[in-house]
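Single-letter residue listing:
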Amino acid sequence: MYKVYGPVLTRTFRVIWMLEEMQEPYELIPAAPRSPEILSLNPSGKVPVLVDDDRAVCDSSAIMTYLADKHGTLTYPAGSPERAEQDALFHTILDEIDGVLWVATRHAFILPEDKRVPAIRDTAIWEFDRNYQRLADRLKGPFLMGETMTIADILLVHCMSWAKTAGYPLNSKPLSAYGKHMRKRPGHQRTVALGQTT
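A brief structural summary. These numbers come from a predicted model, not from an experiment.

1. Notes on the sheet that holds strand 3 (residues 49–52)
Spatially, 4 strands are ordered 2-1-3-4 in an open sheet, and the strand pairing comes out mixed. Here the strands that pair on one side only, and so sit at the sheet edges, are strand 2 (26–29) and strand 4 (55–58). Across the sheet, the axes of successive neighbouring strands diverge by a mean angle of 25°, strand direction being ignored. Where strand 1 (residues 2–5) lies against strand 3, 3 bridges are found, and the strand directions are antiparallel. Bridging across to strand 3, V4 finds its partner in L50.

Written as structure tokens, this is what we have:
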């Protein structure tokens, strides 16, 4: 059984949702970032951490790719043109959506107070909106790449929820409809419920 370390309402959500979609058993240990328990597994102190056979895998994107490749699900085969497209989407979302949200979040409450630049939020909102609308042009439906759900879908929908909570604009009707459809999935709903109880 996998062990997943980290509070659900962090990037850990992505890993839990993925495991729920795969119907793979796991144990959740909601240890806080930078806690001694996390630092013993990941020197950066970041969550999530997945432990598989006593080996720790860190970083949500690496964990998602690892699980998808290991189980041959929510991914296209390595070396295929579809996998190249999937990887391009995945890394675009990490760079242009997740990365922008993370920079603004760090400057809001994570960095030491004397290192924060609160005005960066305005730039982040502008950049997020531009990147988000550009990403909407790549939506094929019903999933990002068409008929097959991939880890890129989990990543994007989690980022969309993060952005909504943080008050960012979500200016795309197609992506809004897509996100609504994705959040109705039983695996997503179970993960949300877990986050409300841990």
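2. Quick notes on the pairing of strand 1
Relative to strand 2, strand 1 runs parallel, the two being bridged by 4 bridges. Counterpart to Y5 in the pairing with strand 2 is I29. In this fold, strand 1 hands off to helix 1 (residues 12–22), which returns the chain to strand 2; that crossover is right-handed.

3. Comments concerning the state of the cysteines
The final tally for this structure, using the stated rule, is 0 disulfides. C159 supplies the cysteine sulfur nearest to C58, a cysteine that is in no disulfide, at a spacing of 19 Å.

4. Some details on the environment of T150
Tracing the chain through its elements places T150 in the loop between helix 5 (120–136) and helix 6 (151–165). In contact with T150, not counting residues within four places along its chain, are L74, Y76, Q86 and M145.

5. What to know about the pattern of salt bridges
One pass over the structure, following the stated rule, counts 10 salt bridges. Here K140 ties to E85 by a salt bridge, and the two come within 2.9 Å at their closest N and O atoms. With K140 in the loop between helix 5 and helix 6 and E85 in helix 4 (residues 81–110), the pair connects residues that are 55 residues apart, well separated along the chain. The network of salt bridges with common partners includes R11, R14 and D98.

6. Describing the side chain of D52
Tracing the backbone through its elements, the reader meets D52 in strand 3. Residue classification places D52 among the buried residues on the basis of a relative accessible area of 10%. Only 2.6 Å separates the side chain of D52 from the side chain of K70, close enough to count as a polar contact. Contacts of D52, omitting those with residues within four sequence positions, involve Y2, Y66 and K70.

Reading guide: rules and limits
- Residues numbered from 1 in each chain as written.
- Predicted model: local features only at pLDDT ≥ 70, side-chain atom pairs only at ≥ 80, totals over all residues.
- Heavy atoms only, no water.
- Pairing = 2+ DSSP bridges.
- Helix = DSSP H or I, 4+ residues; strand = E, 2+ residues; numbered from the N terminus.
- Axes fitted to C-alpha atoms, helices over the stretch in contact; angles between N-to-C directions.
- Right-handed = clockwise from strand over helix to strand, strands pointing away.
- Disulfide = S-S within 2.5 Å.
- Contact = heavy atoms within 4.5 Å.
- Salt bridge = Lys/Arg side-chain N within 4 Å of Asp/Glu carboxyl O.
- Buried < 20%, exposed > 50% of the residue type's maximum accessible area, 1.4 Å probe, protein only.
- Polar contact = N/O pair within 3.5 Å; in protein donor to acceptor, adjacent residues only side chain to side chain.

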